[in-house]
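# Observations on the model geometry
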Amino acid sequence: MKIDSQPYRVTPGQKVKLKQWPTAVAPLYSDKADYEAQLAGHIGRLSELQNLLYAHNRYALLLIFQAMDAAGKDGVIKHVMSGVNPQGCQVFSFKHPSAQELDHDFLWRTTQCLPERGRIGIFNRSYYEEVLIVRVHPEILAAQSLPKEAARAPKIWPERFESINGLERHLHLNGTRVVKFFLHLSKEEQRQRFLARLDDPAKNWKFTADDLSEREHWPDYMKAYGEMLGATSSEHSPWHVVPADDKRNARLIVSQVILETLGALKMRYPEPGCSAPELAAIRKKLSRT
């Protein structure tokens, strides 16, 4: 089944009200076997394109994942990237900033982790936290010791959007393709997943008291996400709002978008260092010894 990724892509400048975006859509697979076959096909093709990306050595790919807790970011990364060569892929998660990171601008710590040419970088949460959790919790902004003229709300948020757009345009112009996914989970589905974590001793460690307190800020987060998605989705660095209530659907959509992004690049394997006659002579020699 060919998946149409366009319905999930945010148009640049679009006013995003997340209540109008689905958290669940009809299954993109007929049954479990069909899902596994589709995902396996995506993984195999992704492995081929990663090899080509590495050999071509002109582009890099940065995948950014943002979501509310329990939306399945870790699972998407684990399943979709399972066939990728670990030498060509790095995953970074950005938690509470260190004292050193707080002494730099808000983009500094993530730029240290950008992928080199030929490689895939994955940000499990990213610099977008600076216009999400920092916006919902103003006390975090106060701890950043910014000059007064740089920390005035609401002016700071469009200014940070502008900084982010500038960074992503710069990356695109220099060969890094940035693709962004917001895993859109319903509040009810999050509740069910939290309960499942509490009921399974092997998953108790995934739940913290902070998860519950953050859930109480759901309307604030939805508003912050909506404004962020509309302000920072561009033709060269698009956001995709992925319905995440069905984990299988989410994985198929994400893998489809990644394949389309890599497939659109004009890549080829480098020319061999030896001519065809030289290669034939070498092969003949190796065949005799």
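Residues numbered from 1 in each chain as written. Predicted model: local features only at pLDDT ≥ 70, side-chain atom pairs only at ≥ 80, totals over all residues. Heavy atoms only, no water.

## As for helix H2 (residues 73-80)
Threshold: Buried residues are those whose accessible area, probed at 1.4 Å on protein chains only, stays under 20% of the maximum for their type, while exposed residues exceed 50% and partly exposed ones sit between those limits. Under the DSSP-based scheme used, a helix requires at least four consecutive residues in state H or I and a strand at least two consecutive residues in state E, with every element numbered from the N terminus. In what follows, a contact means two residues having at least one pair of non-hydrogen atoms within 4.5 Å.
Turning to H2, its buried residues are Lys-73, Gly-75, Val-76, Ile-77 and Val-80. Summarising the contacts, the buried residues of H2 are in contact with helix H1 (32-56), strand E1 (60-67), strand E2 (89-93), strand E3 (120-124), strand E4 (176-184) and helix H11 (247-263).

## Considering the packing of H1 against H11
Inclusion rule: The convention used is that axes are lines fitted to C-alpha atoms, helices contributing only their stretch in contact, and that angles between N-to-C directions extend from 0 to 180 degrees. In these notes the angle categories are as follows: under 35 degrees is roughly parallel, over 145 is roughly antiparallel, 65 to 115 is roughly perpendicular, and the rest is oblique. In this scheme the handedness of a crossing depends on how the near helix is turned from the far one: anticlockwise by less than a right angle means left-handed, clockwise means right-handed. Residues were grouped as follows: Ala, Val, Leu, Ile, Met, Phe, Trp, Tyr, Cys and Pro as nonpolar; Asp, Glu, Lys and Arg as charged; and all remaining residues, including Gly, as polar.
It is the contact of H1 with H11, at a shortest axis distance of 10 Å, that shows an interaxial angle of 30°. Taken as axis vectors, H1 and H11 run roughly parallel relative to one another. In terms of crossing hand, the pair formed by H1 and H11 is left-handed. Every residue of H11 that contacts H1 at Lys-32, Tyr-35, Gln-38, Leu-39, His-42, Arg-45, Leu-46, Leu-49 and Leu-53 is listed here: Arg-248, Arg-251, Leu-252, Ser-255, Gln-256, Ile-258, Leu-259, Leu-262 and Gly-263. Split by residue class, the contact of H1 with H11 holds nine nonpolar, five polar and four charged.

## Here's the deal with the nonpolar core
Note the threshold: Side-chain atoms within 4.5 Å are what join buried Ala, Val, Leu, Ile, Met, Phe, Trp, Tyr and Cys residues into a set we call a nonpolar core.
Ranked by internal contacts, the top residues of the largest apolar core, which has 41 residues, are Leu-63, Met-81, Phe-181 and Ile-258. When contributions to this core are tallied by element, the ones reaching two or more residues are H1, E1, H2, E3, E4 and H11. Filtering out sequence-adjacent residues up to four positions away, Ile-258 remains in contact with Leu-46, Leu-61, Leu-63, Val-80, Met-81 and Phe-181.

## Points about the sheet that holds strand E5 (residues 239-243)
Under the convention used in this document: At least two DSSP bridges between two strands are required for those strands to pair.
One open sheet accounts for five strands, arranged E2-E3-E1-E4-E5; its pairing is parallel. Both edges of this open sheet fall to E2 and E5, since each of them pairs with a single strand only. This sheet shows a mean twist of 20° between the axes of neighbouring strands, independent of strand direction. Relative to the sheet, H2 contacts E1, E2, E3 and E4, its axis offset from that of E1 by approximately 150°. Along the sheet, helix H7 (residues 156-173) makes contact with E1 and E4, crossing E4 at roughly 135°.

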